[in-house]
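This is what each chain is made of:
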Amino acid sequence: MSFLFGGGRPQLSSAEKIAAAETEVEMISDMFNRLSQSCTKKCIPPEYREPDLNKGESVCLDRCVSKFFEVNMKVSEKMQGEAAQKGGAGGGMGGFGM
């Protein structure tokens, strides 16, 4: 009944909520793994000279993570726009829950 009286989307069942949460966790885990691999490869040399990050490595990682998220958000927005133009609902990709 809430769908008819301005409630928006119909309520999801518990199984659908669990499946949606599992999918979101998988997407975020994948994004984190890609981010870690990409930025580590780019910013940290394979041979360690000291146990802590030096200033250059730290700044590189900070910029790499920032750029990664910026590009990720732009791609998500673009995909949502295209899905909306094709008549889709926009999906749940919007910033991976952010």
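Relevant structure appears above.
Residues numbered from 1 in each chain as written. Predicted model: local features only at pLDDT ≥ 70, side-chain atom pairs only at ≥ 80, totals over all residues. Heavy atoms only, no water.

Peer 1: Describe in detail the nonpolar core, supporting the description with residues and values.
Peer 2: Counting eight residues, the largest nonpolar core is built from Met31, Leu35, Cys39, Cys43, Ile44, Leu61, Cys64 and Phe68. Taken together, the elements giving at least two residues each to this core come down to helix H1 (14–43) and helix H2 (55–85). Not counting residues within four places of it along the chain, the set of residues in contact with Cys43 comprises Glu57, Cys60, Leu61 and Cys64. (Core = buried A, V, L, I, M, F, W, Y, C linked by side-chain atoms within 4.5 Å. Buried < 20%, exposed > 50% of the residue type's maximum accessible area, 1.4 Å probe, protein only. Helix = DSSP H or I, 4+ residues; strand = E, 2+ residues; numbered from the N terminus. Contact = heavy atoms within 4.5 Å.)

Peer 1: Could you give an account of the state of the cysteines, with specific residues and numbers?
Peer 2: Taken as a whole and judged by the stated rule, the model has two disulfides. A sulfur-sulfur distance of 2.0 Å marks the disulfide that ties Cys39 to Cys64. Measuring handedness by torsion sign, the sulfur bridge of Cys39 and Cys64 sits at about -90 degrees and is left-handed. Taken together, the residues span a long stretch of sequence, with Cys39 in helix H1 and Cys64 in helix H2 at a distance of 25 residues. Its relative accessible area of 8% is what places Cys64 among the buried residues. The side chain of Cys43 participates in a disulfide bridge whose partner is Cys60; the two sulfur atoms lie 2.0 Å from each other. Its S-S torsion of approximately -70 degrees makes the covalent link between Cys43 and Cys60 left-handed. Highlighted residues: Cys43 in helix H1 and Cys60 in helix H2, separated in sequence by 17 residues. Once the bonded cysteines of the protein are numbered in order along the sequence, the disulfide links fall as 1-4, 2-3. (Disulfide = S-S within 2.5 Å.)

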